[in-house]
Amino acid sequence: MSDRNTNQDRIAVINAQIVTVDKKSSVIDNGSLVVGADGAIREIASGKLEHTAAEVIDARGAIVMPGLINTHAHLGMTLFRGLGDDMSLEDFLARLMPAEIKVLNHDAVHAGTELAALESLLGGITTSLDMYYLPDAALEVAKSSGMRIQTGPNFLESDGPEPLPFDERLAWATKWLEAPRDELGSTGWVAPHSTYLLGEDHLNTLAALAAKYEARIHVHAAETVGEMQLVAKRHGGRTPIQVLADTNLLRRSVLAHGVHLNDDDIKLIASNSATVVHCPASNYKLASGVARILDLQRAGVNIALGTDGPASGNDLDLWIAIRLAGYMQKTIAKNAAVLPALDIVRMATINGARALQLDHVIGSLEVGKRADLIVLDADSPSLTPNFNPHTTIATSVTRADVLHVVVDGKTVVRDRKCLTIDHKAAVSAVKALGKQVLASVSNN
Ligand SMILES: [Zn+2]
């Protein structure tokens, strides 16, 4: 037993430029932040603060900001990284989906997700909304790594690697949703893959399941032109957004991509308080198109950022998403002033928390919120000088600049080393599956 006073503060961060991402987007120069005994932020102020923490992080003037929130990912897909390149989404899915069914089991998803958690944490991502098979494995990784992973049963018409026909999958999902939630009071999740891989009856059934357990919907929508054609053909000329609205799946949903939206779709998304997760790296690599982020913004839609899966992205780098989001919107608008740095910083943090309905507990650095924060490197040449931290974050920071990461008041990355995952073992486990993965793809 520790003789540590139970009221002892956990961590004090000192000499920090605190980018709070609070309502006023306040920045506190030469600030201190104290994480109390309960893992929540007890105090934030400029200058020095009284504290009793044994762990003191001297930021030496560097940016301290909320952990990034990756609001659309397929974490276990790290196993297939680099096996779906230089091809469209349709060709990518035709190649990957049969391979996933051959390779994936609980242990494989665990290995893939653990590597993803390592990559995410080292890169400053503290929370991910995941959509993948065998989600129990992701929950185990969340527990052991300290990273926040929100996930739930996902549904396609095919049986998947579990392998469970739709009806059995439904029974399994019911059990999943009945299980107790985490201590944050998170909602459960139901993830219909998309409106092109599910028929209307199944979509209606999933809406009823989600409603029964007050679970939220995480779904791909309007990603490619090919999808729009498939959905129109399958669902009587409707768009994916119309189908989701008609099947009661749109309300407060999290929509991955939202690239090909018409004006009515945007109105429906706004009136249903849904979130669009912009995944620019995936969209541009697969030549899916450019999302109407500025129009969504004007309509008041919550826009978060995601990496998508590491076989379409191909990594879990949210800093890349931050940069691509801004640069491409400026380019297509022919106006460098649109989507300013602060908007993008909010998309990568508090807007992701809002998408998860956790903006009262994470997504910004404010007293009373859980301490999910990252400390950047004060000695980084590319972050020097730093006259405007929001601009620095939106245009200069890379994963290599992430020095320390704290999740839920516990340090999980210190001096670029992950304390909760055995780095070598996580890399080796995925390498060891390489032959099997390669054979599954080439045998298609
Ligand atoms: Zn996706």
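To be clear, the structure that these remarks concern was listed above.
Description of the structure in this document. Because the structure is a prediction, the values reported are computed rather than measured.

Definitions and cut-offs
- Residues numbered from 1 in each chain as written.
- Predicted model: local features only at pLDDT ≥ 70, side-chain atom pairs only at ≥ 80, totals over all residues.
- Pairing = 2+ DSSP bridges.
- Helix = DSSP H or I, 4+ residues; strand = E, 2+ residues; numbered from the N terminus.
- Axes fitted to C-alpha atoms, helices over the stretch in contact; angles between N-to-C directions.
- Contact = placed C-beta atoms within 7 Å.
- Parallel < 35°, antiparallel > 145°, perpendicular 65-115°, else oblique.
- Left-handed = near helix turned anticlockwise from the far one by under 90°.
- Nonpolar A, V, L, I, M, F, W, Y, C, P; charged D, E, K, R; others polar.
- Core = buried A, V, L, I, M, F, W, Y, C linked by C-beta atoms within 7 Å.
- Buried ≥ 20, exposed ≤ 12 C-beta atoms within 10 Å, placed from the backbone.
- Domains from an automatic or database assignment.
- Arc of directions from axis to C-beta.

**Observations regarding the sheet that holds strand E6 (residues 68-73)**
Here is step 1 of the chain: On the basis of which strands lie adjacent, the open sheet formed by three strands has the order E6-E7-E8 and parallel pairing. This sheet does not close on itself; its edge strands, each paired only once, are E6 and strand E8 (148-150). Across the sheet, the mean angle separating the axes of adjacent strands is 15° when strand polarity is ignored.
Here is step 2 of the chain: Note: strand E7 (residues 125-130) against E8, three bridges, orientation parallel. Pairing of Leu129 across the sheet is with Gln150, part of E8.
Here is step 3 of the chain: The sheet strands contacting helix H3 (residues 135-145) are E7 and E8, and the helix crosses E8 at an angle near 160°.

**Section: the packing of helix H1 (residues 89-103) against helix H16 (residues 434-442)**
Here is step 1 of the chain: Interaxial distance between H1 and H16 falls to 8 Å at its minimum, and their mutual angle equals 135°. The orientation of H1 relative to H16 falls into the category oblique. Handedness of the H1/H16 crossing: right-handed. Taken together, the residues of H16 that come into contact with H1 (itself represented by Arg95, Ala99, Lys102 and Val103) are Gln436, Val437, Ser440 and Val441.
Here is step 2 of the chain: Residues belonging to the contact of H1 with H16 are distributed by class as follows: four nonpolar, two polar and two charged.

**Focus: the nonpolar core**
Here is step 1 of the chain: Residues Val13, Val64 and Leu121 are the most contacted members of the largest nonpolar core, which totals 136 residues.
Here is step 2 of the chain: In terms of residue count, the dominant contributor to this core is helix H2 (residues 106-122) (nine residues).
Here is step 3 of the chain: Summarising the domain contributions, this core has at least three residues from each of domain 1 (11-66 + 364-418) and domain 2 (68-355).
Here is step 4 of the chain: Non-local contacts of Val64, meaning those with residues more than four positions away in its chain, are made with Val13, Ala16, Gln17, Ile18, Val19, Leu33, Ala59, Leu373 and Val375.

**Comments concerning the sheet that holds strand E14 (residues 302-305)**
Here is step 1 of the chain: Spatially, the six strands line up as an open sheet ordered E9-E10-E11-E12-E13-E14, and their pairing is parallel. The open sheet is flanked by strand E9 (154-155) and E14, the only strands paired with a single partner.
Here is step 2 of the chain: Looking at chain direction, strand E10 (residues 189-192) and strand E11 (residues 216-221) are connected through two bridges and run parallel. Bridge pairing in E11 links Val190 to Ile217.

**Quick word on H3**
Note: α-helices contain 3.6 residues per turn, so residues at a spacing of three or four share the same orientation.
Here is step 1 of the chain: Turning to H3, its buried residues number three or more, namely Pro135, Ala137, Ala138, Val141, Ala142 and Ser145. Viewed end-on, H3 has its buried residues packed into an arc of 145°, placing them on one side of the element.
Here is step 2 of the chain: On the buried face of H3, the contacting elements are H2, E7 and E8.

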